[in-house]
Number of protein chains: 2
Amino acid sequence: MPRRARRLGLEPDPTPPKQPLSTQRIVSAALEQMRDKGYEGVSMRSVARALDTGPASLYVHVSNRDDLDQLVLDQVMRLVDLPEPDAERWQEQVRHVARGMLAVYRAHPGTARAALALVPVYEGGLRTTEGLLAILLQGGVPARPAAWFCDLLGLYVAAVAYEEVLWEQREDGEGEESVVRRVADAFDQLPAGRYPVLAANVAAMAAGEGDDRFEFGLDVLLGGLVTAGARHAAG
Amino acid sequence: MPRRARRLGLEPDPTPPKQPLSTQRIVSAALEQMRDKGYEGVSMRSVARALDTGPASLYVHVSNRDDLDQLVLDQVMRLVDLPEPDAERWQEQVRHVARGMLAVYRAHPGTARAALALVPVYEGGLRTTEGLLAILLQGGVPARPAAWFCDLLGLYVAAVAYEEVLWEQREDGEGEESVVRRVADAFDQLPAGRYPVLAANVAAMAAGEGDDRFEFGLDVLLGGLVTAGARHAAG
DNA sequence: TTCGTTTGTAGAACAGTGTTCGTAAACGAA
DNA sequence: TTCGTTTACGAACACTGTTCTACAAACGAA
């Protein structure tokens, strides 16, 4: 506090002014930690520590841990480009938004996990839902299928992103005891007697290193929206 | 121990034999608690308490909390009926399995939450995946799309079930401060300036009380599988 | 039957978690 | 300058999953 320093007239304290807390600063710190240390690396205490304060101080600006996660997601989802709805290209536009969301999750590991945990009550951010809904409606999709589809797509993207993050954690060494490792082991030594079909198709399950799998999901969802939407409108 | 009672010859101790711990007993206790008190109502300590022991004792039979969750899911997913694959009716059979999984989640609240958390590394149980894969392959779906589709369907069913559980918790009173309540409030007072499309379609988003929404999702996924699968095979 | 050795049982403790309470300091209006 | 409200924060509460360690029971060999 400069005022106090002036008052005392000596020993300009080395600690900088220490700007006051704010929701924005808390969200930024949490986002940074999520990006660097993953979702489990973030706690109210660690965020408080980064801001050089105690955990109780956060609760003035943030009502909850869930609330904080939601604010972080809100912030990060602002980075997704939302094109102006164009009825001619609505399917490609939906793909564009979905890819944008995936890119954001990838660039900020940890947020994918938060999104998956919140997706049933949050749908991956109001802003992106708004943008998607506008595109779908412009494309002629009826309101109810369009709304439900937004849910579905948000869930799908978050799940794919989270799965990717887990696999990357495994590859980043030291994951000898990770969750993914256990799954991989379980797949390697599948009891062929009990699960013959699965054992015979392990390769197909594990396949899809790159974006093929994600794009396949987009194909399924969009193709299904067209056919199911048509049936819904007709029946 | 009856032997000791005979040895002492008096005071047949009132505590029953207290059968030894086992993985099965632990899983059953955990499942029961998940059904009655929801996912957050279960902890290693609460399970241990129900078995009249301390938490450390569980770790002999169960390596992990995640492990326990997975065992619980394995157990509960055994209840799902898996029909003999029939190429003529494969789509209806997929629907049947999906409905069976949803019914199981509904009958055991708390397991849906566990499944959603584990679904990226677990796919909703090896047994159901095996059954689904067999049906799809019999139906003529290529291996890779079939395998990926199993992932997708497992994710979808778990998410729908979890969402339903949250809404039921809200209706079961005392949920004044629940997560869903906050979402509902947020939807009620949507800033129409920032989210005009969303505000105009709140009804459509909230719609789908019964199974309509779930069945719509099935329509989308199955319809999309057919069209995308065709494209995948062709291109 | 006695003696190790293995196995299952738990109490206590560790290192964390989210959250609340009460108090102390800072700030803007009167 | 005083008052009232807002912000800050150390301490503490009630938990969590997990590990350490001592202890007792069970079992196979002598």
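Structure first, text after, so check above.
Draft legend 1. View of the interface of chain A and chain B. On the side of chain B, 60 residues touch chain A, which itself brings 60 residues to the contact. Taking both partners together, chain A and chain B bury about 5,200 Å²; carbon and sulfur atoms supply 71% of that area. The largest share of the area that chain A buries against chain B comes from Glu130(A), Trp148(A) and Phe216(A), three residues that together contribute 14% of it. At the surface where chain A touches chain B, the tally comes to four salt bridges. In this structure, Asp212(B) engages Arg144(A) in a salt bridge whose closest nitrogen and oxygen atoms are separated by 3.9 Å. Linking chain A to chain B there are six residue pairs in polar contact (both at pLDDT 80 or more). Of all the elements in the fold, those that place two or more residues in the side of chain A that touches chain B are α4 (65–77), α6 (111–122), α7 (126–138), α8 (143–171), α9 (179–188), α10 (196–200), α11 (202–206) and α12 (212–234) of chain A. In terms of residue class, the side of chain A that touches chain B is made up of 36 nonpolar, nine polar and 15 charged.

Draft legend 2. Looking closely at the relation of the copies chain A and chain B. Overlaying chain A on chain B yields an RMSD of 0.0 Å, the required transformation being a rotation through 180 degrees with an accompanying axial translation of 0.0 Å. As the rotation angle and translation indicate, the two copies are arranged about a two-fold axis. Residues of chain A ranked by C-alpha distance from the rotation axis are headed by Gly224(A), positioned 1.8 Å from it. When the interface residues of chain A are mapped onto chain B, 100% of them again fall at the interface, so both copies present the same face.

Draft legend 3. Representation of the nonpolar core within the structure. If you look at the biggest cluster of nonpolar residues, it comprises 146 residues, and the most contacted ones within it are Tyr105(A) and Tyr105(B). Leave out the neighbours within four places in its chain, and Tyr105(A) touches Leu73(A), Met77(A), Thr111(A), Ala112(A), Ala115(A), Val157(A), Ala158(A) and Ala161(A).

Draft legend 4. Just the pattern of salt bridges, in detail. Under the criterion given, the structure shown has 22 salt bridges over all chains. As a salt-bridge pair, Arg213(A) and Asp151(B) come within 2.7 Å of each other at their nearest N and O atoms. One end of the pair, Arg213(A), is in helix α12; the other, Asp151(B), is in helix α8 (residues 143–171), on a second chain. For Arg213(A), a relative accessible area of 19% gives the class buried. Linking Asp69(B) and Arg65(B) is a salt bridge whose minimum nitrogen-to-oxygen distance equals 3.2 Å. In this pair, Asp69(B) and Arg65(B) both sit in helix α4 (residues 65–77), four residues apart, roughly one turn of the helix. For Asp69(B), a relative accessible area of 3% translates into the label buried. Connected through salt bridges with shared partners, the residues Glu92(A), Arg99(A) and Glu215(A) form a single ionic network.

Draft legend 5. How the structure looks around the environment of Ala146(B). Residue and element names in this part refer to chain B. Summarising the element assignment, Ala146 is placed in helix α8. Placed 12 residues apart in sequence, Ala146 and Ala134 show a C-alpha to C-alpha distance of 9.1 Å. Residues in contact with Ala146, not counting those within four places in the same chain, are Leu133, Leu136, Leu137 and Val141.

About the thresholds
- Residues numbered from 1 in each chain as written.
- Chains lettered and ligands numbered in written order.
- Predicted model: local features only at pLDDT ≥ 70, side-chain atom pairs only at ≥ 80, totals over all residues.
- Heavy atoms only, no water.
- Contact = heavy atoms within 4.5 Å.
- Buried area = accessible area lost by both parts, 1.4 Å probe.
- Salt bridge = Lys/Arg side-chain N within 4 Å of Asp/Glu carboxyl O.
- Polar contact = N/O pair within 3.5 Å; in protein donor to acceptor, adjacent residues only side chain to side chain.
- Helix = DSSP H or I, 4+ residues; strand = E, 2+ residues; numbered from the N terminus.
- Nonpolar A, V, L, I, M, F, W, Y, C, P; charged D, E, K, R; others polar.
- Least-squares fit on C-alpha atoms with pLDDT ≥ 70 in both.
- Core = buried A, V, L, I, M, F, W, Y, C linked by side-chain atoms within 4.5 Å.
- Buried < 20%, exposed > 50% of the residue type's maximum accessible area, 1.4 Å probe, protein only.

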